[in-house]
Amino acid sequence: MKGKSYNELTAQLFRRESAKMTAVLVKIFGYAHIDFAEDVVQDTFNKALHNWSLNGLPDNPSAWLYKVAKHKALDVIRHNKFSESFDFSGEKDLLKSSYSMTYAMDTLWDENHIDDDLLRMMFACCHPDISIENQITLILKTLCGFSSKEVASALLVSTDVVSKRLVRVKKFFRERNIKPEFPGESTVKDSVKTVLTAIYLIFNEGYHASHHDIKIRKDLLNQAMYLCKLLIDNPTTNTSELNAAMALMCFHTARIESRVSTDGSIILLADQDRAKWNQELINHGLSYLSQSTIEPYVTTYHFEAAIAYEHCAAKRFQHTNWERILSYYDGLLALHPSAFTALNRLIVFHQVHGLALTNKEIEHSQYNKEWEQMPLFYSFLGDIHKSENKEVSKTFYAKGVALSDSTSEKNQIRKKLDQLEG
């Protein structure tokens, strides 16, 4: 398999297996030696890239990776088996002997337990004595195979900040001798919430990819949905919020094939070819949305998923139930007030109430100062004024272009401006 399909397949595989292998290796080496685990994973992937580019994909790529990782892990153990910092107690006792080492390593890589190892690792990353920012940083870096640059992009911080966070957290794990384990019943929901925040950041990084040459990163979308499903499938960790988030990811992912043009430009929702939408994923999303009622409370994911479903349910853009979407935005804004949510609500408000009432809504909004720093606000103003005053509309579009730091966003607004001038 060559070209783009090969790259996509290996990227998706590496993301998923990176999480699993890191979890098993941390179980073997201990959190005090998490750097060893990361090195083994990286060395394994480097060997895979070299070998597979020459010989093609093996019949079972995951098994191939596990075999190489096990051999590399054994090398680490052999070089450190007399180190007092390595914990060889319990099920790892046999790793001390050359005669039983290989058998013990195979046992620790039992595929029936790897998902549980991954869950334990995810919760260890969410230790209550670590700040939420550091928890999320660690999950993205160690369990999802993010580079420091990708973590920085997802969290909107510098790579230097990411490096400092990782150093602090790894020091914390070494000093406390933290071991991966499931949280207690009283803290499991808070831990799930933190992990879900990281998962959705992964999804957003894939959906709004920061790389200039890649508009949508399917490997990250798949990784986020895989981790979310892992939590949903375990009765101990399944929550209403997880199901709502999974529904939201399904609805968004169902539309990605129609979201980008052949030249790489983003296609607005009104112009997307709805025949390209993945109905199977939409149905899966609807099932998860139904399951999200298992607990008597709503979250931001519930409202966002409900909004996304209304878009998916409309056969044409003109058939969208804007009144219902506006009611969902009212609930979302009440639950989680923000300038961005308020702006998206304003866009829907215009669809329902028209220009005059929208202008009054803007005039009395508490978010005006924040909106004035957002390119999307001026793009929206250009949209709603172009039928009445093209010159005013051009001015708004030009302001949006000037404010934007995003190449794709600039191009999108410029395209509107060119159409107006043409």
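Given the structure is predicted, the values throughout are model-derived calculations rather than measurements.

Peer 1: Mind showing me how you'd approach the side chain of Thr137 here?
Peer 2: Turning to its location among the elements, Thr137 is positioned in helix 6 (residues 132-143). With relative accessibility at 1%, the residue Thr137 sits in the buried group. Residues contacting Thr137, with those up to four places away along its chain left out, are Val151, Leu155, Val162, Arg165 and Leu166.

Peer 1: Sorry if this is basic, but what is going on with the packing of aromatic side chains here?
Peer 2: Two aromatic rings are characterised by how far apart their centres lie and by the angle between their planes. Applying the stated rule across the entire model yields 17 aromatic pairs. Ring geometry for Trp52 versus Trp64: centroids 5.4 Å apart, planes at 65 degrees, classification edge-to-face. Of this pair, Trp52 sits in helix 2 (residues 34-55) while Trp64 sits in helix 3 (residues 61-80), and the two are twelve residues apart along the sequence. Across this residue pair, the class does not change: Trp52 and Trp64 are buried.

Peer 1: Help me understand the packing of helix 3 against helix 4 (residues 101-108) in this model?
Peer 2: Between two packed helices, both the angle of their axes relative to each other and the distance between the axes serve to describe the pair. Following both chains from N to C, one finds helix 3 and helix 4 inclined at 130 degrees, their axes separated by 11 Å at the closest point. The pairing of helix 3 with helix 4 is recorded here as oblique in orientation. Here the hand of the crossing between helix 3 and helix 4 comes out right-handed. Taken together, the residues of helix 4 that come into contact with helix 3 (itself represented by Lys70, Ala73, Leu74, Ile77 and Arg78) are Met101, Thr102, Met105 and Asp106. Here the contact of helix 3 with helix 4 is built from residues that sort into five nonpolar, one polar and three charged.

Rules used in this analysis
Residues numbered from 1 in each chain as written. Predicted model: local features only at pLDDT ≥ 70, side-chain atom pairs only at ≥ 80, totals over all residues. Heavy atoms only, no water. Helix = DSSP H or I, 4+ residues; strand = E, 2+ residues; numbered from the N terminus. Buried < 20%, exposed > 50% of the residue type's maximum accessible area, 1.4 Å probe, protein only. Contact = heavy atoms within 4.5 Å. Phe/Tyr/Trp six-rings, centres within 6.5 Å; stacked < 30°, edge-to-face > 60°. Axes fitted to C-alpha atoms, helices over the stretch in contact; angles between N-to-C directions. Parallel < 35°, antiparallel > 145°, perpendicular 65-115°, else oblique. Left-handed = near helix turned anticlockwise from the far one by under 90°. Nonpolar A, V, L, I, M, F, W, Y, C, P; charged D, E, K, R; others polar.

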